[in-house]
Amino acid sequence: MRGLVVLVTLACFATAQHQALIDYLERRLLAIEDRISLWHEQTTRYASELRELKQQMVSQLENLDKEKEALRMNLDGVGTRVDRVERELDYLETQNGAQPCVDVDDKLIEQQVTLVKEKQRAKYSKLSDCSDMISSIKAMKILKRVGGPKGMWSKDTSRGSGKVYIFNGTDDDTIHVFSSVQDFARSLGMSLSTTLKLPTAWKGTGHVVYNNHAYYINQVEEVMVVKYNMKNNSVADSAVFPVQDHIPVYGLTPETVMDLAVDEEGLWAIYATRQNERHISLAKMDANTLDIEQMWDTNCPRENAEAAFVICGTLYVVYNTKQPGRSRVQCLFDVNDMVTNEDTPLVYFPKRYGAHSSLKYNPQEQLLYAWDDGYQILYKLIMKKKLEI
């Protein structure tokens, strides 16, 4: 009997230990499950935070790329402006000698200015013996109508060339070349012409042909004068015109930002700027190097101006009058100061169509080549000496 009690006691004790072990293991499992659940929550949160961080980093990298591109464009713009300033400084240095670091009396400065002006007048009076100016228009001849409403046509203004060059439109790169005025007049459209393709498109109608070279204006960001050799079909030279803030030179021909002209003294540039926007400016250029020799601000207004040309160093500006079918020279500027605007001759152009988009003077023939609403016109001029005014 005692043995049975002992056995029962031992069995109870074993059962209690077994239950205690099971309870302990359950508590441990519950603790492990809690830790696993916490770890899972933390892992999920960390993964979400990592995704958000990744998105923020991608967004910041995109912004950095945009800022990098903007900075690069700004640096390019700064580089362009620095180059432009350097060119202008180089130009100013060629035009003005170094100034002495001393105080100069105002009267002495006025004397120096007067001396410079006298030297300038002497310089341009020695360029040629030309002293002619327009007296009137002798005759007008309409050759034909070809091309668009705006363009330019001309012969080579140098000696010994009979070819005719057609620049149709205000933004193109193909010149039509005729062997003579007669071929141009009898040609059906452009059928008798050959074509000459320029490396870049011209802008406006301000081109000239001079000494077997086409001088034309190209404008992308800056106004550039291009000198194209028509014998070997290559660019002989090009130069950025050293003036900022260009505006169209003629109020009635907004496509022409700058107009080139040739007379007995060589190559000229007719232009306008924002700083002097009410009036037209004039510059003498070296036809060989495209350097600017001298600049003038004239008193000729841009408003209602349709075209201009230069004869013997005198700028003639043609305006659209209120009279039907006519234009008139209403302003002139003489770089030699031999005549003034008060001496402007009463010159009317018997214009029959729209406004002149170009007027090109040929000093060898004393003719004006005009483009008027697609019509190609020749004006025969009567000249007189400036001293006769």
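Quick caveat, the model's predicted, so the values are computed rather than measured. (Residues numbered from 1 in each chain as written. Predicted model: local features only at pLDDT ≥ 70, side-chain atom pairs only at ≥ 80, totals over all residues. Heavy atoms only, no water.)

(A) Representation of the nonpolar core within the structure. If you look at the biggest cluster of nonpolar residues, it comprises 24 residues, and the most contacted ones within it are I134, F309, I311, Y316, F349, Y379 and L381. When contributions to this core are tallied by element, the ones reaching two or more residues are β1 (132-145), β14 (305-311), β15 (314-320), β16 (327-334), β17 (347-349), β18 (356-362), β19 (367-372) and β20 (375-385). Among the elements that take part in this core, β20 stands out by supplying five residues, more than any other. Leaving out residues up to four positions away in the same chain, I311 has contacts with D132, I134, D263, E264, Y316, Y361, L381 and M383. (Core = buried A, V, L, I, M, F, W, Y, C linked by side-chain atoms within 4.5 Å. Buried < 20%, exposed > 50% of the residue type's maximum accessible area, 1.4 Å probe, protein only. Helix = DSSP H or I, 4+ residues; strand = E, 2+ residues; numbered from the N terminus. Contact = heavy atoms within 4.5 Å.)

(B) Molecular detail of the sheet that holds strand β3 (residues 164-168). Here four strands make up an open sheet; going across it, the order is β2-β3-β4-β5 and the pairing antiparallel. The two strands at the open ends of the sheet, each matched to only one other strand, are β2 (151-155) and β5 (194-197). Adjacent strand axes in the sheet meet at a mean angle of 25 degrees, parallel and antiparallel pairs treated alike. Across three bridges, β3 lies against strand β4 (residues 174-178) in antiparallel orientation. Bridging across to β4, V164 finds its partner in F178. (Pairing = 2+ DSSP bridges. Axes fitted to C-alpha atoms, helices over the stretch in contact; angles between N-to-C directions.)

(C) Quick peek at the packing of aromatic side chains. A complete count under the given rule lists nine aromatic pairs for this structure. In this arrangement the basic side chain of K144 is found over the ring face of F184, its NZ or CZ atom lying 4.8 Å from the centre. Note that K284 overlies the ring of W268, its terminal NZ or CZ placed 5.6 Å from the centroid. (Phe/Tyr/Trp six-rings, centres within 6.5 Å; stacked < 30°, edge-to-face > 60°. Lys NZ or Arg CZ within 6 Å of the ring centre and 35° of its normal.)

(D) Main features of the side chain of H356. In this fold, H356 is placed in strand β18. A polar atom in the side chain of H356 sits 2.7 Å from the side chain of E306. For H356, the side chain forms a polar contact with the side chain of Y379, separated by 2.9 Å. (Polar contact = N/O pair within 3.5 Å; in protein donor to acceptor, adjacent residues only side chain to side chain.)

(E) Expanded view of the side chain of S193. Position of S193 among the secondary structure elements: in the loop between α3 (181-186) and β5. With a relative accessible area of 16%, S193 lands in the buried category. At 3.4 Å, the side chain of S193 forms a polar contact with the side chain of H176. Among the polar contacts made by the side chain of S193, one reaches the main-chain carbonyl oxygen of M190 at a distance of 2.7 Å. Every residue in contact with S193, bar those within four places of it in the chain, is listed here: H176, V177 and F178.

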